[in-house]
Amino acid sequence: MLLFIFLSLLIIALLIGLQEYNEGDHVMLRHRTERLLTPPYVSAQPTTDVPVDVLDERFMPTRRGGFRQYLVHWSNRSDDERSWISATEFRRLAPDLFEHYTRFSSTEPNFH
């Protein structure tokens with residue numbers, strides 16, 4: 001009997017809680033296979049920071065060859081927030097700056 005009362009109160013609490021959600025709220029859904037599905041995370045603030053200057057570059061050797069990284073200064077950020085990013089990320093975030101830098105400033109020969 002006590003279990004029945006507990007389950008009844010739990011169901012009522014869940015029903016009341018579900019009514020408090022508004023349109024656009026992120027709610028977890030239970031799929032038939034018992035996997036929990038959630039909507040993808042979307043930042044409240046759009047990221048507008050992009051690399052605006054390249055300060056240095058380095059080659060990071062690995063067992064499979066290696067990869068190049070670039071020390072960049074970001075728009076809307078202080079000098080303390082400069083960071084190293086991969087060539088792939090640099091090309092994706094600032095394609096024009098990446099092309100300009102690799103064409104005119106890179107230490108490797110470029111045959112364009």
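Rules used in this analysis
Residues numbered from 1 in each chain as written. Predicted model: local features only at pLDDT ≥ 70, side-chain atom pairs only at ≥ 80, totals over all residues. Heavy atoms only, no water. Salt bridge = Lys/Arg side-chain N within 4 Å of Asp/Glu carboxyl O. Helix = DSSP H or I, 4+ residues; strand = E, 2+ residues; numbered from the N terminus. Buried < 20%, exposed > 50% of the residue type's maximum accessible area, 1.4 Å probe, protein only. Pairing = 2+ DSSP bridges. Axes fitted to C-alpha atoms, helices over the stretch in contact; angles between N-to-C directions. Contact = heavy atoms within 4.5 Å. Core = buried A, V, L, I, M, F, W, Y, C linked by side-chain atoms within 4.5 Å. Polar contact = N/O pair within 3.5 Å; in protein donor to acceptor, adjacent residues only side chain to side chain. Arc of directions from axis to C-beta.

**Q** Help me out: how do you make sense of the pattern of salt bridges in this one?
**A** Once the charged atoms of two side chains with opposite charge are near each other, the side chains can pair. Under the counting rule described, the total for this entry stands at five salt bridges. Note that E57 is salt-bridged to R68, the shortest N-O span being 3.0 Å. Of this pair, E57 sits in strand β3 (residues 51-60) while R68 is found in strand β4 (residues 67-74), placing the two residues 11 residues apart along the sequence. Residue E57 is classed as buried on the basis of its relative accessible area, which comes to 12%. Here R82 makes a salt bridge to D79, at a shortest N to O gap of 3.3 Å.

**Q** I'm lost on the sheet that holds β3 in this one. Help?
**A** Two strands in a sheet stick together by hydrogen bonds in their backbones, pointing the same way (parallel) or opposite ways (antiparallel). Sheet architecture is open: three strands sit in the order β3-β4-β5, paired in antiparallel fashion. Looking at the sheet topology across the chains shown, the edges are occupied by β3 and β5 (83-86). Neighbour-to-neighbour, the strand axes of the sheet open up by a mean angle of 35°, direction not taken into account. Bridge count between β4 and β5: four bridges; the pairing is antiparallel. Across the sheet, residue Q69 finds its bridge partner in β5, namely S86. Most of the contacts of helix α3 (residues 95-104) go to β3, to which it runs at about 55°, and overall it touches β3 and β4.

**Q** Would you mind going over the nonpolar core with me for this structure?
**A** For soluble globular proteins, the rule of thumb is that nonpolar side chains tend to be buried together. Residues V54, Y70, V72, W74, I85, A87, F90, A94, F98 and Y101 constitute the largest nonpolar core, which totals 10 residues. Examining the composition of this core, we find that three residues originate from one element, β4, more than from any other. Sequence-distant contacts of V72, defined by excluding residues within four places in its chain, comprise P51, D53, V54, R82, S83 and I85.

**Q** When you look at the environment of H73 in this model, what are you seeing that I'm missing?
**A** For H73, the position within the fold is in strand β4. Owing to a relative accessible area of 16%, H73 belongs among the buried residues under this scheme. Sequence-wise, H73 and D53 are 20 residues apart; in three dimensions their C-alpha atoms are separated by 5.2 Å. Beyond its immediate chain neighbours, meaning those up to four positions away, H73 contacts V50, P51, V52, D53, L55, S78, D79 and R82. A polar atom in the side chain of H73 sits 3.5 Å from the side chain of R82.

**Q** What is the right way to look at the pairing of β3 in this model?
**A** The side chains of a regular strand alternate between the sheet's two faces. When β3 meets β4, the two strands line up antiparallel, connected through eight bridges. Across the sheet, residue D53 finds its bridge partner in β4, namely H73. The hairpin formed by β3 and β4 contains six residues between the paired strands, and G65 there has a positive phi angle of roughly 125°.

**Q** Looking at this structure, I do not really get α3. What am I missing?
**A** An α-helical segment advances 3.6 residues per turn. Residues three or four places apart therefore align on the same side. The complete set of buried residues in α3 reads F98, Y101 and T102. Seen end-on, α3 carries its buried residues on one side only, within an arc spanning 90°. The outward face of α3, more than 90 degrees from its buried face, is lined by the exposed residues D96 and F104. Looking at the buried residues of α3, the elements they touch are β3, β4 and α2 (87-93).

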